Amino acid sequence: MNQPRLLPFLRRYLSGICWLGWLFLTACTSQKSTLYTRELQRLKDASKQTLSAHVDEFNQYANRPASDGPFNAGNNKAFLLANVPLFRSSADSLTKVYNYRWWMISKHLKEYDDPEDHKKYWVVTEFFGVKPWASLSGAITCPAGHQFYDVRWLRDDTFLKSYADYFMRGSASRLPQRENGNFLTYLSRPESHHFSSWMVNGVEAFQKIHPDPQWLHAVLPAMEKHQQVWDSLFTVHTPRSKTAGMYKILDLYDGMEFSLSAVLGLIESQGPYSLYTKDNWRKYYLGWETTGNAAQSQQAKDYPTAFRKGYPDYYLVRPSVNSYAYGNLKSLADLYRWDQVRYTSKTTKVEEYTAKAQALQQKVLNVLWNTQDQFFNTLSAGDNAFGIGDFEARVRESVGYTPWYFQLLPKQNYQTYAKAWDLFASRKGFYNAAGMTTAEQQHPYYNEQAYAWNGRGWPFENSVVYKGYANYLRSYQGNSSSAQKQLLYDYIEKLARMHGTKELNIGEWYIPSNGKTFGGESDYFHSTFPDIIIEDLIGFTSFHDNKFSVSPLVPEQQWDYFYLGNIRYHGHDVDIIWKKDWDPATPGNQSKLCIWVDQKLKASRDQLHGEITVQLPK
């Protein structure tokens, strides 16, 4: 056969080979796509069945507080199946705690007929019933930031819109907090500001999941006024003070009752607070049973306005409340930037709140960061009427991690502050057998037995610090080590274990050295858990833009699989699966992370770790 006749033959032969190859690849791709879709449906159904069975079990718990609202054993299963993101993993205990926390949350969704402004609101309670330190609705601002971060994941956005309306522009924004036996301050303020919170930042986190431009535009002016109240009542006004312009709060109204940073400042003080010494402070400032002793002291009689029922009127400039304010200010700038209604002052608002956030950021870095301690410390307020001002408490407390929660640290030199996290993994610092302590264990005043933040563990604070650490690993460091991922997982697993096994529960506090049980309350909503799983561990990151990203921090050898789905995001349905072995019939593991949007496979990759970004359909 000569060469001219050979060429057409070879072309037809090679074309046939390519055609067969294409058919083979198409068949393989189709087969894998079918496998992934089939597994999605299987895990979705299995997750619903597991949630359903868990709710039946939880509804049988005896001696639990009755629901504050309309969702109870008669209807909560249908509500939860329709609304919560489904989660299932090879860690059965975490799956069960995740479902329990949604069951608990449903009991705190309360309908409130407001007699003040004659409107109906959805509020979210912390304690059950209406406590004397609560707003008239029963809602309490102290855990509201945490509540926003959890409840934002419900498919129905009605609850948080109404809750934000209540505190931002409803009666709670105007009514003074009731003064009663539990009002341990002389500073009158609205119900919306009785405790510190980061509700403005919480609204932004919510709007990243369920954007509603019209609602946002209507509520933005009220959110601005909300922050202005913080600026007017809770900032240091002494111009030459080191803490001038920073945010201050009493221990109690930062949700932390009694802290070691306050103790150290009180010991250094004269006048009425000469009551407190290194030897006797435990008698006067270590739990509620001690404030009565202070009330009977000669100092309290000589200086009646320095105490309220034995509780010192001593303000602190803490990393917590200043980070909350930074989060709120930055969110105001972001929300005005994303407000779709055009008006002439929009640019000015963005610039104003960006500048305020940056100014506060610099104050936190310059004033609260201690280079020697390699930690963010607390100072006493420079304008305290009584007691030493601008005093730095040289004790590392868990609130020093709060700046990372709001990503206050500059990314260009984040390593300057990274050594603070060494104590997160240290038995000298905050690491203990059953969970995180609230003060460094090496401090001579450490005490986990007292009802105080001198060491005892609090789920409220776990929620703050775990997100801070996840942000440090994901947003700052980028490539975290296996040991760092394992540390985060270890803490989360310990928190889950604290919920118990026979009958799950979440309370106010626990003892970090033994972790036998939660204390204080039952089914108590002052911390997060669904958000810890969704955003911090699995790494579902939301944006104002029409996209999302997934960057898990789950240690690769920890789980065989996880499914997170039924997420309503920007009006779309999102499902995520990672499996170590998709097809047991095929030798070896076939690790793959798959992401569906509206039942269509939109992204996948073989590796569990790293960031994968998904653009949503327009």
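Residues numbered from 1 in each chain as written. Predicted model: local features only at pLDDT ≥ 70, side-chain atom pairs only at ≥ 80, totals over all residues. Heavy atoms only, no water.

1. Quick notes on the overall build of the protein
When you go through the protein residue by residue, the secondary structure sums to 17 helices and 17 strands. What you see for the protein is a C-alpha radius of gyration of 27 Å, in line with the 25 Å of a compact globule of 618 residues. Per-residue burial for the protein yields a buried fraction of 61% across its 618 residues. Considering only intrachain contacts with a sequence separation of at least 6, the fraction spanning at least 24 residues in the protein is 68%. Placing the 67 positive and 62 negative side-chain charges of the protein at their respective mean positions leaves the two points 6 Å apart. (Helix = DSSP H or I, 4+ residues; strand = E, 2+ residues; numbered from the N terminus. Rg over C-alpha atoms; globule rule 2.2 N^0.38 Å. Buried < 20%, exposed > 50% of the residue type's maximum accessible area, 1.4 Å probe, protein only. Contact = heavy atoms within 4.5 Å. Lys, Arg positive; Asp, Glu negative; His and termini not counted. Charge placed at Lys NZ, Arg CZ, Asp CG, Glu CD.)

2. Considering unusual backbone geometry
Its identity is not glycine, yet Lys309 carries a phi of approximately 55 degrees, on the positive side. For Gln407, which is not glycine, the phi dihedral falls at a positive 50 degrees. Examined against the element boundaries, Gln407 turns out to sit in the loop between helix H14 (402-405) and helix H15 (459-477).

3. Quick notes on the packing of aromatic side chains
Under the definition given, this model contains 77 aromatic pairs. Where Trp198 meets Phe460, the ring centres are 6.1 Å apart and the plane angle is 80 degrees; that geometry is what we call edge-to-face. With Trp198 in the loop between helix H5 (158-168) and helix H6 (199-209) and Phe460 in helix H15, this pair connects stretches of sequence that are 262 residues apart. Under the relative-accessibility criterion, Phe460 is labelled buried at 3%. Aromatic pair Tyr466 and Tyr491: ring centres 5.4 Å apart, planes at 40 degrees, arrangement tilted. Residue Tyr466 is found in helix H15, and its partner Tyr491 is found in helix H16 (residues 482-498); the two are separated by 25 residues along the sequence. Here Tyr466 falls in the buried class, since its relative accessible area comes to 1%. (Phe/Tyr/Trp six-rings, centres within 6.5 Å; stacked < 30°, edge-to-face > 60°.)

4. Remarks on the sheet that holds strand E17 (residues 612-615)
Pairing in this open sheet of three strands is antiparallel, and the strands run E11-E12-E17 from one edge to the other. Looking along the sheet, the strands with just one partner apiece sit at the ends: strand E11 (540-542) and E17. In this sheet, adjacent strand axes meet at a mean angle of 25 degrees when their direction is disregarded. (Pairing = 2+ DSSP bridges. Axes fitted to C-alpha atoms, helices over the stretch in contact; angles between N-to-C directions.)

5. Topic: the side chain of Glu224
Inspection of the secondary structure puts Glu224 in helix H7 (residues 213-233). In this structure the side chain of Glu224 is engaged in a polar contact, spanning 2.7 Å, whose partner is the side chain of Tyr336. With residues near it in sequence (within four places) discarded, Glu224 still touches Leu332, Tyr336, Lys349 and Tyr353. (Polar contact = N/O pair within 3.5 Å; in protein donor to acceptor, adjacent residues only side chain to side chain.)

6. Digging into the side chain of Thr528
Along the chain, the position of Thr528 falls in the loop between H16 and helix H17 (530-537). Among the residues examined, Thr528 registers a relative accessible area of 3% and is labelled buried. Ignoring sequence-local partners within four residues, the contact set of Thr528 consists of Arg101, His146, Tyr149, Asp150 and Ser463.

7. So, the sheet that holds strand E1 (residues 86-89)
As summarised here, the arrangement of the five strands in space is E1-E13-E14-E15-E16, forming an open sheet in which the pairing is antiparallel. Here the strands that pair on one side only, and so sit at the sheet edges, are E1 and strand E16 (600-605). Pairwise comparison of adjacent strand axes, ignoring direction, gives a mean angle of 15 degrees for this sheet. Strand direction decides the pairing type here: E1 and strand E13 (residues 561-569), joined by four bridges, are antiparallel. Along E13, the bridge assignment pairs Arg88 with Tyr563.

8. Some words on the pattern of salt bridges
One pass over the structure, following the stated rule, counts 33 salt bridges. Note that Glu39 is salt-bridged to Lys579, the shortest N-O span being 2.9 Å. Note that Glu39 is positioned in helix H1 (residues 3-58) and Lys579 in strand E14 (residues 572-579), a separation of 540 residues in sequence. Assessed through its relative accessible area of 10%, Glu39 is described here as buried. (Salt bridge = Lys/Arg side-chain N within 4 Å of Asp/Glu carboxyl O.)

9. Comments concerning the packing of H15 against H17
Their axes nearest at 10 Å, the elements H15 and H17 cross at an angle of 10 degrees. Here H15 is positioned roughly parallel relative to H17, judged by the angle of their axes. For the pair H15 and H17, contact is made by Ser463, Tyr466, Lys467, Ala470 and Arg474 and by Asp531, Ile532, Glu535, Asp536 and Leu537, respectively. The class makeup of the residues in the contact of H15 with H17 is four nonpolar, one polar and five charged. (Parallel < 35°, antiparallel > 145°, perpendicular 65-115°, else oblique. Nonpolar A, V, L, I, M, F, W, Y, C, P; charged D, E, K, R; others polar.)

10. Focus: the environment of His118
Mapped onto the secondary structure, His118 falls in the loop between strand E2 (109-114) and strand E3 (119-124). C-alpha of His118 to C-alpha of Ser171: the two residues are 53 residues apart in sequence and 9.5 Å apart in space.

11. A word on the confidence of the model for the protein
On average, the protein scores 94 in pLDDT, and the residues at 70 or more come to 94%. In the model, residues 19-28 has pLDDT below 50 throughout and makes zero contacts with residues more than four positions away in sequence or in other chains. (pLDDT = per-residue confidence, 0-100.)

12. Details of the pairing of strand E12 (residues 547-550)
In this sheet, E12 lies alongside E11 in antiparallel orientation, the contact comprising three bridges. Within E12, the residue paired with Thr541 across the bridge is Ser549. The hairpin formed by E11 and E12 contains four residues between the paired strands.

13. So, the environment of Lys96
By the element assignment, Lys96 lies in helix H3 (residues 92-106). A residue is classified by how much of its surface remains accessible, and Lys96, at 18% relative accessible area, is buried. For the pair Lys96 and Thr50, spaced 46 residues apart in the sequence, the C-alpha separation amounts to 8.4 Å. Dropping the residues within four chain positions of it, Lys96 is found in contact with His54, Glu57, Phe58, Thr501 and Leu504. In terms of polar contacts, Lys96 uses its side chain to reach the side chain of Glu57, at 2.8 Å.

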